[in-house]
Amino acid sequence: MKAVSGLIHRIKGDTLPTTDYGGLKQGKKEKTEGLGTMSGVFVPTMNSILGVVVFLRFGWAVGNAGVGMVLLMMGIGCTIAMITTLSVSAISTNQIVRQGGPYFMMSRSIGIETGGALAILFFASQTLGVGFYTMGFSEALGAYMRKNGDFPLSTLQLSLITISAVVLLSLCGSKIFAKISMAILAVIAVSIVVGILCFYIRDADPEYDFRQPSSTTLAENFGPEFKGNWNFLSVLSVIYPAMTAILTGATLSASLANPTVSIPLGTAMSVAAMCGLFSTIIITTGASVGRKQLQDNYYIIQDVSISPVLVLCGTLFATFSSALSGIMASARVLQAMARDHLLPGLHFFAVETGGEPRRAICLVFVLAVPPLFLGAVNAIGPLLTNFVLITFSGLNMTNALLHLSHTPNFRPGFKHSNWQISLLGWAMCLVLMFLLEPTTAALTCAAAILIAIFLYVKPPPIQDWGSITQALLYRSVLSYLTALDVRKKHVKYWRPQVLLMESRVTEKTGELQAARELTKRGLLVVGHVVQADLLDKTGTESTQDIVEELERIRDEALGNIVDKQKVRALVDVTVAPSLSAGCQSLMLVAGMGQMKPNTVFFGVPGHVAGMPTQVEIVEWLRALHSVQALGRNLVLGHALGDFNKRALHAAAKQNLRSSGNPNGRVSINVWVTAMELENLRLMASPRLTAGAVPVGPSRGGGDPTMRTSVARIMVMVQLAHVFMSNRFWRTMCDLRVLVLAEVENEVARAEIKRTVEKFMKRCHITARIEIVSIADLGDIIEEHKARTSVHRPGSTRFDGSARL
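Residues numbered from 1 in each chain as written. Predicted model: local features only at pLDDT ≥ 70, side-chain atom pairs only at ≥ 80, totals over all residues. Heavy atoms only, no water.

Caption draft 1: Layout of the sheet that holds strand β6 (residues 666-672). On the basis of which strands lie adjacent, the open sheet formed by 3 strands has the order β6-β7-β8 and parallel pairing. Only two strands of the sheet have a single neighbouring strand rather than two, namely β6 and β8 (768-773). Adjacent strand axes in the sheet meet at a mean angle of 30°, parallel and antiparallel pairs treated alike. Relative to β8, strand β7 (residues 733-741) runs parallel, the two sharing 6 bridges. Considered in β8, the bridge of Arg736 is made with Arg768. Contacts from helix α29 (residues 746-762) reach β7 and β8 within the one sheet, and its direction differs from that of β8 by about 140°. (Pairing = 2+ DSSP bridges. Helix = DSSP H or I, 4+ residues; strand = E, 2+ residues; numbered from the N terminus. Axes fitted to C-alpha atoms, helices over the stretch in contact; angles between N-to-C directions. Contact = heavy atoms within 4.5 Å.)

As structure tokens, this is what we get:
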């Protein structure tokens, strides 16, 4: 009750954030029919809560499980209901809740995939509830009519007639529904009050084993005495649906004058009334009637009343109103999903006729009929319970994630909720699902997962709603990035982190595909330079125009690279007066902490739109020089085309056949010079252990020339090794190290080869070693042309080179 009073206090005194959720800004009222908290939320919710279970199953539950266990069941159900109400209150006071209620809350918070999947199951639960309450109405009316004479209609036939009447009444509109609901609730309230008073004012009746309420009878009925195969969980699965209708008012959000106020307040009032009323009925029944009558007589409240007809009317009105509320709520949820194009072909049911979702109501009618053929309330109850519980778990998870994201725009007017309580409610819902019906719970979860996968693969066309997953990812990534202390990076864990300087970010380029091959499980940043001067007031473009151009290029690049080409990369666009200045800017600011590019990939200009001008060549060379000046690795891609791996390999094999070596394998080559070879000899010294061999650009003591030279070799070997980690290249190509050196005789050749092999072995990289004599370089270049170059029609050749 403290939480309820706190809710009322917060709603009266607090203002709401001005965030736009789902395209509707705070302060802009949606056109509604003006239902208030009582008529729009409390009354429909109570009409759904006070249904078949209250009048026909509570006495039976007390007879089997005992007063103590049924109160425990009530405690579990009311706890879940109250926690869910707290979550709904927090979510609904943080945003304008439009049509669909729980569906709108979840889909606009946790994303269309999860929120949409849970909403579809919630719609199924509401539709199933229509059949559940219709069946309860038919059971009560049929039993009374048969008791007083012959009744020609079966329960199924009566159910079909009843649900048809419910549909016809619901087609009249929400205003008529609200007026009828008030009258129905008044009848139900009177019948319940009379029914409870009869237990205290009526004389004992041996026919029904009815006694005046006493502590002796309460003690006799306090413990369990299950009949047949019933147990605690099976009894709970039957009576729990009475505590699942708390969201009925929330689903009518489109008909509320002020849903942000009415939903939390009306729902909390309903839960409080439910807990108090249910506890009173359970204790009164258990203290007044013998156990056997409770076990065998579903209609004990009606039989002991001084006016059985009044209690019967309350039962019939309660079940009928529950079905009516359920069909109205289901139709509103369906219409909301249809307006969002959640599923293909669903938009047909988004149309309103006279302000009412009549098409949606007709579909709900069609879907609610099949459950009637299950034949009994006890058969529908467990399935209904599972669908409702997974919806409750989704709402609690939504609120918990919103709190954990610490998003500044999550400022609910209701403050009495936190992620710990919501997480507890989420866990209770899932545990209860699997305890009650493990098989049904597993199928329900599987259905939710399959629907979420479908919505991920084929999302609605318009879903600019935001997702809490982005906020959670931001927090997680930020936490890990700040934990990656740049002072703790070590050469042993070096990997290529590539900045691709790309001028055609909206096209599919070979440079992008080649850079992706070099950054398997590593960082790839696609950089683009817009050549302009933000401070130049003499130009035709304003500063705002340039900024908008940057954002447009970034968005188009992301759409092309990430969405179309499925390349996992970041896009960074900058503005600078020249290419070299922009390249320097990107090298210095792109990335964060240890996640910063250490390798820059440039394409050779002049192979897209003709030969470059002299000014462009000079600027490109200045950019390359800036890469070396800032100590980054440099990779050049020449005439890569679209980097079709199979076409490149096929062309290379054709060149091998043309050169008279049809059985040769295509090679990825690394060249080592004479100076680098001398430093390799020092690195291969027996005094050095394998752990001393660098696996990336080395920093530390020793001769700087040797460190730089060995690091250069290591970078090239490592880049080639990363390239070869791709299954295609690993299968179709060999890694080859070509050593360019002065070779005096075969003994010197063998010594050089042993030195390089020893170094490669310590690096744990397998490669073929070939020695190229400087004297024979010209002839050997022609001889190895097919292996070092890939010729394709309409282009020159493909070369890959790496430099530190």
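Caption draft 2: Structural detail: the side chain of Ser109. Residue position: Ser109 is located in the loop between α5 (102-107) and α6 (112-147). Overall, Ser109 belongs to the buried group, its relative accessible area being 4%. From its side chain, Ser109 meets the backbone oxygen of Met105 in a polar contact 2.8 Å long. The contacts of Ser109, once residues within four sequence positions are left out, are Ile91, Gln95, Thr398, Leu402, Gly466, Ser467 and Ile468. (Buried < 20%, exposed > 50% of the residue type's maximum accessible area, 1.4 Å probe, protein only. Polar contact = N/O pair within 3.5 Å; in protein donor to acceptor, adjacent residues only side chain to side chain.)

Caption draft 3: Fine view of the pattern of salt bridges. Scanning the entire structure with this criterion turns up 18 salt bridges. Between Asp296 and Lys227 there is a salt bridge whose closest N-O contact spans 2.4 Å. Taken together, the residues span a long stretch of sequence, with Asp296 in helix α13 (residues 291-296) and Lys227 in the loop between α9 (215-220) and α10 (232-239) at a distance of 69 residues. Using a relative accessible area of 41% as the deciding quantity, one classes Asp296 as partly exposed. Note on Lys227: relative accessible area 39%, which makes it partly exposed. Arg768 is paired through a salt bridge with Glu770; the nearest N and O atoms lie 3.1 Å apart. (Salt bridge = Lys/Arg side-chain N within 4 Å of Asp/Glu carboxyl O.)

Caption draft 4: Structural detail: the confidence of the model for the protein chain. Looking at the protein chain as a whole, the pLDDT averages 78, with 83% of positions reaching at least 70. Of all secondary-structure elements in the protein chain, the lowest mean pLDDT belongs to strand β9 (residues 799-803), at 35, while helix α18 (residues 419-436) reaches the highest, 93. Within the model, pLDDT remains below 50 along residues 1-32, and this stretch shows 60 contacts once partners closer than five positions in the same chain are excluded. Of the regions scoring below 50 in pLDDT, residues 786-804 engages in 65 contacts with residues more than four places distant in sequence or in other chains. (pLDDT = per-residue confidence, 0-100.)

Caption draft 5: Local environment of α29. When the terminal C-alpha atoms of α29 are compared, their 24 Å separation across 17 residues agrees well with the 24 Å that a helix rising 1.5 Å per residue should span. Directly after α29, the chain includes His764, whose backbone phi takes a positive value near 60°. (Expected span 1.5 Å × (residues − 1).)

Caption draft 6: Looking closely at the packing of aromatic side chains. This model, assessed by the stated rule, comprises 7 aromatic pairs. Ring geometry for Trp60 against Trp230: centres 4.7 Å apart, planes inclined by 80°, an arrangement best described as edge-to-face. Note that Trp60 is positioned in helix α4 (residues 58-92) and Trp230 in the loop between α9 and α10, a separation of 170 residues in sequence. For Trp60, a relative accessible area of 4% puts it in the buried group. Residue classification places Trp230 among the partly exposed residues on the basis of a relative accessible area of 30%. Every member of this aromatic cluster is reached through a ring pair, and the members are Trp60, Trp230 and Tyr298. Taking NZ or CZ as reference, Arg57 lies 3.8 Å from the ring centre of Tyr298, over its face. Across the ring face of Phe348, the terminal group of Arg359 is positioned such that the distance to the ring centre comes to 4.1 Å. (Phe/Tyr/Trp six-rings, centres within 6.5 Å; stacked < 30°, edge-to-face > 60°. Lys NZ or Arg CZ within 6 Å of the ring centre and 35° of its normal.)

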